Amino acid sequence: MQDGPNFNELFECRQTLPDIDARGRLARLIGIEDQKSRLAKMLSLLINPSDLEAWAKKYHPNSNSIVATVTNRPPLVVLAGDVGSGKTELAETIGDAVARNLDLDITLLPLSLSSG
């Protein structure tokens, strides 16, 4: 007897990024260019904190405690806003920008809300 959903039931579908479709969908989110840029940078640092550490070492060599605070935080980003403002579309597509910027493959695993 299984206590809960298995791993595959937790996620709706898997998507590997970069993906040309995700890139186009992200580009169609207009009016939030600053938010997209800031979010992509934030996610890039969560995925690759060594870039922040290298930058801090070069420009702010005595900033170890601040860098540690940033790199040791939980890798969580919460999107908030009105219904229809593009949060879900942004969440499903921003990984494409990050994957292209870091030149790596990212797997998007959207959590299924129907797995109860």
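In case you missed it, the structure is sitting above this.
Residues numbered from 1 in each chain as written. Predicted model: local features only at pLDDT ≥ 70, side-chain atom pairs only at ≥ 80, totals over all residues. Heavy atoms only, no water.

Draft legend 1. Broad picture of the nonpolar core. Counting 14 residues, the largest nonpolar core has L17, L26, L29, L90, I94, V98 and I106 as its most contacted members. Elements with a contribution of two residues or more to this core: α2 (20-27), α3 (33-47), α6 (87-102) and β2 (106-108). Looking at this core, the element that brings in the most residues is α6, giving 5 residues. Filtering out sequence-adjacent residues up to four positions away, L17 remains in contact with A22, G95, D96, A99, L104, D105, I106 and L108. (Core = buried A, V, L, I, M, F, W, Y, C linked by side-chain atoms within 4.5 Å. Buried < 20%, exposed > 50% of the residue type's maximum accessible area, 1.4 Å probe, protein only. Helix = DSSP H or I, 4+ residues; strand = E, 2+ residues; numbered from the N terminus. Contact = heavy atoms within 4.5 Å.)

Draft legend 2. Structural view of the packing of α2 against α6. At a closest axis distance of 8 Å, the pairing of α2 and α6 adopts a crossing angle of 115°. Remark: the crossing between α2 and α6 carries left-handed chirality. Residues I20, A22, R23, R25 and L26 of α2 lie in contact with α6, whose contacting residues are E89, L90, E92, T93, I94, D96, A97 and R100. Looking at the contact of α2 with α6, its residues break down into 6 nonpolar, 1 polar and 6 charged. (Axes fitted to C-alpha atoms, helices over the stretch in contact; angles between N-to-C directions. Left-handed = near helix turned anticlockwise from the far one by under 90°. Nonpolar A, V, L, I, M, F, W, Y, C, P; charged D, E, K, R; others polar.)

Draft legend 3. The arrangement of the packing of α3 against α6 in detail. It is at 9 Å that the axes of α3 and α6 come closest, and there the two elements cross at 65°. In terms of crossing hand, the pair formed by α3 and α6 is right-handed. Taken together, the residues of α6 that come into contact with α3 (itself represented by K36, L39, A40, L43, S44 and I47) are L90, I94, A97, V98, N101 and L102. Classifying every residue of the contact of α3 with α6 gives 9 nonpolar, 2 polar and 1 charged.

Draft legend 4. Spotlight on the layout of surface pockets. There is about 550 Å³ of room inside the largest pocket. If you trace the largest pocket, you find 19 residues lining it, with L43, V77, A91, I94 and L108 closest to the centre. Of all elements in the fold, only α3, α6 and β2 reach the threshold of two or more residues within the lining of the largest pocket. By residue number, the principal contributor to the lining of the largest pocket is α6, which donates 7 residues. For the lining of the largest pocket, the class distribution of residues is 14 nonpolar, 3 polar and 2 charged. (1 Å grid on protein atoms, 1.4 Å probe; cavity = no way out; pocket = protein on both sides within 12 Å on 5 of 7 lines; lining within 4 Å. Points joined across faces, edges and corners; volume = space filled by probe spheres on them.)

Draft legend 5. Representation of unusual backbone geometry in the model. At the junction of L17 and P18, the peptide bond is cis and its omega measures out at 10° in the coordinates. Position of P18 relative to the elements: it lies in the loop between β1 (15-17) and α2. Phi at D103 is positive, roughly 55°, even though this residue is not glycine. In this structure D103 comes out as exposed when scored by relative accessible area, which is 70%.

Draft legend 6. Local environment of α3. With 15 residues, α3 extends 21 Å between its outermost C-alpha atoms, agreeing within 8% with the 21 Å of an ideal straight helix rising 1.5 Å per residue. Restricting attention to buried positions, one finds in α3 the residues K36, L39, A40 and S44. Projection of α3 onto a plane perpendicular to its axis shows the buried side chains occupying an angular sector of 135°, all on one side. What points out from α3, more than 90 degrees from its buried face, is the exposed set D34, R38 and K41. (Expected span 1.5 Å × (residues − 1). Arc of directions from axis to C-beta.)

Draft legend 7. Inspection of the pattern of salt bridges at higher detail. Enumeration over the complete set of coordinates arrives at 5 salt bridges. Residues E89 and R25 are paired through a salt bridge, measuring 2.7 Å at the closest nitrogen-oxygen approach. With E89 in helix α6 and R25 in helix α2, this residue pair connects regions lying 64 residues apart in the sequence. Judged by relative accessible area, which is 16%, R25 ranks as buried. (Salt bridge = Lys/Arg side-chain N within 4 Å of Asp/Glu carboxyl O.)

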